[in-house]
Amino acid sequence: MGSTGTVLRELRGAQKTAKGVSLYSRFVNRPAGRVLAAGAYRIGLTPNQVTLVSAAFTFTAVASVALVRPSWGLAFAVYAGLAVGFAFDSADGQLARLTGRGGPDGEWLDHVVDCAKLILVHTAVLISFHRFAQLPGEGWLLLPLGFLFVAVLTFCAGLLREQLGKAAARPAPADRAPAPVSRVRAVALLPADYGVFCLVFLLYGDETAFRIGYAALAVVHALFLVAFLVKWFRELKALRAAD
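Read on for an overview of the structure. (Residues numbered from 1 in each chain as written. Predicted model: local features only at pLDDT ≥ 70, side-chain atom pairs only at ≥ 80, totals over all residues. Heavy atoms only, no water.)

Details of helix H6 (residues 142-168)
Each α-helix turn comprises 3.6 residues. Residues three or four places apart therefore point the same way.
Turning to step 1, where the next piece is worked out: For H6, with 27 residues, the first-to-last C-alpha span of 38 Å sits near the 39 Å given by 1.5 Å per residue.
Turning to step 2, where the next piece is worked out: Among the residues of H6, Leu143, Pro144, Phe147, Leu148, Val150, Ala151, Phe155, Ala157, Gly158, Arg161 and Gly165 are the ones counted as buried.
Turning to step 3, where the next piece is worked out: Next to the buried residues of H6 lie helix H5 (104-132), helix H8 (194-199) and helix H9 (207-242). (Helix = DSSP H or I, 4+ residues; strand = E, 2+ residues; numbered from the N terminus. Expected span 1.5 Å × (residues − 1). Buried < 20%, exposed > 50% of the residue type's maximum accessible area, 1.4 Å probe, protein only. Contact = heavy atoms within 4.5 Å.)

Some details on the packing of H5 against H6
Turning to step 1, where the next piece is worked out: Between H5 and H6, the shortest axis-to-axis distance is 8 Å and the interhelical angle comes to 165°. In this view, H5 runs roughly antiparallel relative to H6, as classed from their interaxial angle. Of the two possible hands of crossing, H5 and H6 adopt the one that is right-handed. On H6, the residues touching Glu107, His111, Asp114, Cys115, Leu118, Ile119, His122, Thr123, Val125, Leu126 and Phe129 of H5 are Leu143, Pro144, Leu145, Phe147, Leu148, Ala151, Val152, Phe155, Leu159 and Gln163.
Turning to step 2, where the next piece is worked out: Looking at the contact of H5 with H6, its residues break down into 15 nonpolar, four polar and two charged. (Axes fitted to C-alpha atoms, helices over the stretch in contact; angles between N-to-C directions. Parallel < 35°, antiparallel > 145°, perpendicular 65-115°, else oblique. Left-handed = near helix turned anticlockwise from the far one by under 90°. Nonpolar A, V, L, I, M, F, W, Y, C, P; charged D, E, K, R; others polar.)

A closer look at the packing of helix H3 (residues 47-67) against helix H4 (residues 72-99)
To describe two helices that pack against each other, one gives the angle between their axes and the distance between the axes.
Turning to step 1, where the next piece is worked out: Here H3 crosses H4 at 165°, and the two axes come no closer than 8 Å. Viewed along their axes, H3 and H4 adopt a mutual orientation that is roughly antiparallel. Our pair here, H3 against H4, has a crossing hand that is left-handed.
Turning to step 2, where the next piece is worked out: Here the residues of the contact of H3 with H4 are counted per class, giving 15 nonpolar, seven polar and two charged.

Brief notes about the side chain of Thr58
Turning to step 1, where the next piece is worked out: Structurally, the position occupied by Thr58 is in helix H3.
Turning to step 2, where the next piece is worked out: Residue Thr58 is classed as buried on the basis of its relative accessible area, which comes to 2%.
Turning to step 3, where the next piece is worked out: Residue contacts for Thr58: discarding those within four places in its chain leaves Gly81, Leu82, Gly85, Lys117 and Tyr194.

Section: the packing of aromatic side chains
Turning to step 1, where the next piece is worked out: Summed over the entire model, instances satisfying the criterion amount to 15 aromatic pairs.
Turning to step 2, where the next piece is worked out: Each ring, one from Phe147 and one from Phe197, has its centre 5.6 Å from the other, and the planes form 75°; the classification is edge-to-face. Remark: Phe197 occurs in helix H8 and Phe147 occurs in helix H6; sequence separation between them is 50 residues. This pair shows no difference in class: Phe147 is buried, exactly as Phe197 is.
Turning to step 3, where the next piece is worked out: A centroid spacing of 5.3 Å and a plane angle of 45° characterise the contact between Phe201 and Phe210, whose relative ring orientation is tilted.
Turning to step 4, where the next piece is worked out: Residue class for Phe201 comes out buried when judged on its relative accessible area of 0%. (Phe/Tyr/Trp six-rings, centres within 6.5 Å; stacked < 30°, edge-to-face > 60°.)

Overview of the pattern of salt bridges
Turning to step 1, where the next piece is worked out: For the structure on display, the rule yields six salt bridges.
Turning to step 2, where the next piece is worked out: Salt-bridge contacts for Glu207 lead to Arg211; the nearest nitrogen and oxygen are separated by 3.3 Å. A residue pair is termed a helical-turn pair when its members lie 3 or 4 positions apart in one helix, as Glu207 and Arg211 do in helix H9 at four residues.
Turning to step 3, where the next piece is worked out: The exposure class of Glu207 is partly exposed, given its relative accessible area of 29%.
Turning to step 4, where the next piece is worked out: The closest approach of N and O atoms between Glu235 and Lys231, which form a salt bridge, is 2.6 Å. Here Glu235 pairs with Lys231, and both are found in helix H9, just four residues apart, close to one helical turn.
Turning to step 5, where the next piece is worked out: Each of the salt bridges in this network shares a partner with another, and the network as a whole consists of Asp89, Asp114 and Lys117. (Salt bridge = Lys/Arg side-chain N within 4 Å of Asp/Glu carboxyl O.)

Spelled out as structure tokens, the structure:
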């Protein structure tokens, strides 16, 4: 491949399906990841190295939440670190598909980093609440723990649904047209998108605003978890019935 433009065109053809993807991931994070993947390709990085770059941005931002007193400057820095880390998280997979250098090791590393960031970001919020916040009551310390439970359960259940579904699904007929991408579904999934979750840290300079925004997202994610669990269970049950 030659110029960056050529690499970007190749990357556009190596995208995952947009089915089940929110508008943020489809129109913000994936395009940003495509640019980062093109840059990584040009300087010779491997997909696993890009995953580690993603981890470096994300974990630096997360550590700042736990260790530094909240301020508006920190709020912007944390959001930027999380958002850039998320974009690199998209770039590693795109680079792997472009170069054909993906494999089980890379997929494993990507999932490990994803799981770690979900655990650490809510743990950091808990530490920040305990160290820096003037909470109305100690019960607020349970909020990050609840959000952590919801986030990890959603991640693990979704991953199991994907792997068990692949194992049980029958090959689709060659002449079957792919299902159309639903714009309504893409909009509905926005509150559950990690990129949208990152936006709440722009409120981190105001303790009350951040706490309310974080609590609202926790409730929304809990509702999505219930809906996802019901949906995934029914889908897997339907696959068993089709055997």
